[in-house]
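# Fold and geometry: a report
Spelled out, the chains give:
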Amino acid sequence: MILRLVKSKAMLRKKRRYFLLLASLWLGTGCATKVASIYNYSAADGDFKTFLVVAPEEKDSQTPENKLFDQRLQAILTTSLENKGLQTSSLPDLYVSYAVSVYNTSETTSNFNNPYGYNYYNRYYYPSNFDYTTRTYKTGVFLINIKNARGKLIWQGSKTFRLKSKESVQARIPEICREVIGAFSLPVPST
Amino acid sequence: MKHPTKPYNDLQASFNTIRVGYRYRLVNYGETSVFEVLEIISNDDCRVRSVDTLEEYRLSDLIKYGKGDDFAFSEE
């Protein structure tokens with residue numbers, strides 16, 4: 001009898017562990033978007049050995065802080081591509097460029113979940129502004145384009161992200177940049 | 001290429017972050033165009049295909065007469 005109880009408790013613990021594992025997997029994959037990438041195999045026909053990270057056009061309105069941020073992203077891209085066996089060059093085989101766009105978005109959701117329009121205590125339901133919640137957040141896209149020396153796009157990687165309205169974009173972008181460039185692999189030369 | 005799923009609603013887009021294989025909606029001078037990006041030609045231009053008519057054209061064709069007050073560009 002005692003043995004049975006101990007066994008059933010152990011089973012419950014195992015089930016709980018599996019549930020927690022599945023829940024964490026679901027949260028990890030379901031909440032975050034994946035890196036979307038495409039390869040243009042018709043243009044990726046050469047043997048690529050060198051690259052150059054092309055900085056976005058400098059604007060007069062760009063603050064020193066933004067310039068530093070750009071330099072940081074360029075350093076991340078350079079390091080990642082060097083780790084993949086490529087070398088920097090002023091006359092490269094590959095031109096790497098990146099772009100970020102961020103927009104403020106608001107989402108209005110209804111707080112009233114009763115499908116009948118009224119509840120037991122409030123027989124006559126009058127909709128008011130209190131029944132809706134508006135949340136503001138930032139959505140954006142981080143994109144990396146890799147072109148060959150003829151200017152043809154050979155690889156494009158991007159990731160859509162969503163941040164809380166007060167969350168800093170500059171704090172998250174380097175991590176996203178690493179993730180996107182991590183999805184790039186050199187094309188295998190056809191035999 | 002399979003059309004990627006859209007993760008968030010009303011995702012605004014800009015011309016410098018156009019993604020190949022994605023669908024976009026552009027509104028200009030009262031005309032709405034929904035298209036899929038086929039190829040990026042230059043930094044600001046790409047070859048696209050209309051989702052409704054399957055006609056192929058360039059993105060620059062849609063804004064060659066300028067941008068109207070109603071101009072809007074978003075991911076479909």
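Residues numbered from 1 in each chain as written. Chains lettered and ligands numbered in written order. Predicted model: local features only at pLDDT ≥ 70, side-chain atom pairs only at ≥ 80, totals over all residues.

Along chain B, the regular secondary structure elements total 1 helix and 5 strands. Counting every position in chain B, which comprises 76 residues, the buried fraction comes to 20%. The long-range fraction of contacts in chain B, counting pairs at least 24 apart against all pairs at least 6 apart in sequence, stands at 40%. (Helix = DSSP H or I, 4+ residues; strand = E, 2+ residues; numbered from the N terminus. Buried ≥ 20, exposed ≤ 12 C-beta atoms within 10 Å, placed from the backbone. Contact = placed C-beta atoms within 7 Å.)

On to the overall build of chain A, then. A tally of helices and strands in chain A yields 3 helices and 6 strands. Sequence-ordered secondary structure for chain A, helices as α and strands as β, is α-β-β-α-β-β-β-β-α. Counting across all 191 residues of chain A, residues that qualify as buried make up 19%. Put simply, 74% of the contacts in chain A that link residues at least 6 apart link residues at least 24 apart.

Once that is clear, we can look at the confidence of the model for chain B. Mean pLDDT over chain B stands at 85; residues scoring 70 or higher make up 84%. Interface confidence in the predicted complex, given as ipTM, is 0.75; pTM for the same model is 0.73. (pLDDT = per-residue confidence, 0-100.)

With that settled, the discussion passes to the pairing of strand 4 (residues 94-110) of chain A. The pairing of strand 2 (residues 50-54) of chain A with strand 4 of chain A spans 4 bridges and is classified as parallel. Following the sheet pairing, V54(A) is matched in strand 4 of chain A by S97(A). (Pairing = 2+ DSSP bridges.)

Backbone geometry follows two general trends: most residues other than glycine have a negative phi, and most peptide bonds adopt the trans configuration. Residues and elements named next belong to chain B. Positive phi is not limited to glycine here, since Y29 has a value of about 50°. Examined against the element boundaries, Y29 turns out to sit in the loop between strand 1 (23-28) and strand 2 (31-40). Even without being a glycine, L54 presents a positive backbone phi close to 65°. In this structure L54 comes out as exposed when scored by C-beta crowding, with 8 C-beta atoms within 10 Å.

The next thing to look at is the sheet that holds strand 3 (residues 87-88) of chain A. All names here are of chain A. A sheet is described by the order of its strands in space; here 6 strands give the open sequence 1-6-5-4-2-3, paired in mixed fashion. On the outer flanks of this sheet lie strand 1 (36-39) and strand 3, each paired with one strand and no other. Sheet analysis places strand 1 next to strand 6 (residues 153-164), joined by 4 bridges and oriented antiparallel. In the strand pairing of strand 6, I38 is matched with Q156. Against the sheet, helix 3 (residues 169-182) touches strand 4, strand 5 (132-148) and strand 6, its axis set at about 145° to strand 6. (Axes fitted to C-alpha atoms, helices over the stretch in contact; angles between N-to-C directions.)

Of all hydrophobic cores here, the largest spans 37 residues; its most connected members are L77(A), V96(A), F142(A), I144(A), I146(A) and C177(A). Every residue in contact with L77(A), bar those within four places of it in the chain, is listed here: V53(A), V96(A), Y98(A), C177(A) and I181(A). (Core = buried A, V, L, I, M, F, W, Y, C linked by C-beta atoms within 7 Å.)

The next subject is the pairing of strand 2 of chain B. All names here are of chain B. Note that strand 1 and strand 2 share 6 bridges and pair antiparallel. By the bridge assignment for strand 2, R25 is matched with V34. Once strand 1 ends, the chain turns through 2 residues before running back antiparallel as strand 2, passing Y29 with a positive phi of about 50°. Note: strand 2 against strand 3 (residues 46-50), 5 bridges, orientation antiparallel. By the bridge assignment for strand 3, V37 is matched with V48.

Before going further, it helps to spend a moment on the packing of helix 2 (residues 64-83) of chain A against helix 3 of chain A. Residue and element names in this part refer to chain A. One way to put it is that helix 2 packs onto helix 3 with a least axis distance of 10 Å and a crossing angle of 25°. Judged by the inter-axis angle, helix 2 sits roughly parallel to helix 3. Crossing geometry of helix 2 relative to helix 3 is assigned as right-handed. Contacts between helix 2 and helix 3 involve F69, R72, L73, I76, L77 and S80 from the former and Q170, I173, P174, C177, R178, I181 and G182 from the latter. (Parallel < 35°, antiparallel > 145°, perpendicular 65-115°, else oblique. Left-handed = near helix turned anticlockwise from the far one by under 90°.)

So, about the environment of T53(B). Along the polypeptide, T53(B) turns up in the loop between strand 3 and strand 4 (56-58). Note on T53(B): 10 C-beta atoms within 10 Å, which makes it exposed.

Turning next to the environment of G68(B). Residues and elements named next belong to chain B. Structurally, G68 is set in the loop between helix 1 (59-62) and strand 5 (72-75). Here G68 falls in the partly exposed class, since 13 other C-beta atoms lie within 10 Å of it. For the pair G68 and V27, spaced 41 residues apart in the sequence, the C-alpha separation amounts to 8.7 Å. If we skip the residues at most four places from it in the chain, G68 touches N28 and Y29.

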